[in-house]
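Spelled out from the first residue to the last, the chains are:
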Amino acid sequence: MLVINDQITLQDWELTEQFIRASGPGGQNVNKVSTAVELRFEAERSPNIPGPVKSRLKRLAGRKWNKEGALIIQCDETRSQSRNREIARERLAELIRKALVKPKRRIATKPTYGSKQRRLKAKKVRGEVKSLRGRVSED
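Presented here is a report on the structure given in the accompanying data block. Keep in mind the model is a prediction, meaning the values are calculated, not measured.

Along its length, the chain carries four helices and five strands. Helices and strands in the chain line up, N terminus first, as β-β-β-α-β-α-β-α-α. Computed over C-alpha atoms, the radius of gyration of the chain comes to 27 Å, more than 25% over the 14 Å expected from 2.2 N^0.38 for 139 residues, which places it beyond the range of a compact globule. Looking at the chain as a whole, 28% of its 139 residues are labelled buried. Intrachain contacts of the chain at a sequence separation of at least 6 include 59% that bridge at least 24 residues. Between the centroid of the 33 positive side chains of the chain and the centroid of its 16 negative side chains there is a distance of 10 Å.

Okay, structure coming up:
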């Protein structure tokens, strides 16, 4: 069981862990021990996460979200299997916490009169600079 906040708790059936061989430092141990962890969270089927949070989570996850609606997090940072497992679970919890935050709606504003005037003046100055770049006529 993984506790996200006081309302959301993920059950064990929603999470599956698979241990794979990690790359990187570790000498001969790398070829023998499966220390990297692949944490799979069945996000689409999860009854504990509300719909809007799922859609935000899908957007935040990006390539970690697969076609079956599962969120896959890989971790091979340390040589310890248990530490990698903790890191992966913490990353999942952090991602879900980020998805819980509802983004503020942007309120469209009109440009001020002064900013319009400054923009037009800058365009005019730029145009004059460019017009001076033409060939010099010999009179």
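On we go.
Moving on to the nonpolar core. By size, the foremost hydrophobic cluster in this structure holds 24 residues, and its most contacted members are Leu10, Phe41, Leu57, Leu71, Leu92 and Ile96. Every element with two or more residues in this core is listed here: strand E4 (36–41), helix H2 (51–61), strand E5 (71–75) and helix H3 (81–100). Looking at this core, the element that brings in the most residues is H3, giving seven residues.

Glancing now at the sheet that holds E4. Across the sheet, which stays open at both edges, the three strands sit in the order E3-E4-E5 with antiparallel pairing between neighbours. If you trace the sheet from one side to the other, it starts and ends with strand E3 (15–20) and E5, each paired once. The average angle at which neighbouring strand axes cross in this sheet is 20°, direction not considered. With five bridges joining them, E4 and E5 adopt antiparallel strand pairing. The residue bridging Leu39 from the neighbouring strand is Ile73, located in E5. This element, H3, spans E3, E4 and E5 of the sheet and lies at about 140° to E5.

Our focus in this paragraph is a positive patch on the surface. Together, Lys110, Lys116, Arg119 and Lys123 line one region of the surface with positive charge. Positionally, Lys116 belongs in helix H4 (residues 113–131).

With that out of the way, let us pick up the pairing of E4. Relative to E4, E3 runs antiparallel, the two sharing six bridges. Note on E4: the bridge partner recorded for Phe19 is Val37.

Counting through the fold element by element, Lys54 comes out in helix H2. With residues up to four places along the chain from it excluded, the contact list for Lys54 reads Ala43, Glu44, Ser46, Ile49 and Trp65.

Cut-offs used in this document
Residues numbered from 1 in each chain as written. Predicted model: local features only at pLDDT ≥ 70, side-chain atom pairs only at ≥ 80, totals over all residues. Heavy atoms only, no water. Helix = DSSP H or I, 4+ residues; strand = E, 2+ residues; numbered from the N terminus. Rg over C-alpha atoms; globule rule 2.2 N^0.38 Å. Buried < 20%, exposed > 50% of the residue type's maximum accessible area, 1.4 Å probe, protein only. Contact = heavy atoms within 4.5 Å. Lys, Arg positive; Asp, Glu negative; His and termini not counted. Charge placed at Lys NZ, Arg CZ, Asp CG, Glu CD. Core = buried A, V, L, I, M, F, W, Y, C linked by side-chain atoms within 4.5 Å. Pairing = 2+ DSSP bridges. Axes fitted to C-alpha atoms, helices over the stretch in contact; angles between N-to-C directions. Patch = residues over 30% accessible without salt bridge, like charges linked within 9 Å, V, L, I, M, F, W, Y side chains within 5 Å. Areas by Shrake-Rupley, 256 points an atom, 1.4 Å probe, with all protein chains shown as cover. Salt bridge = Lys/Arg side-chain N within 4 Å of Asp/Glu carboxyl O.

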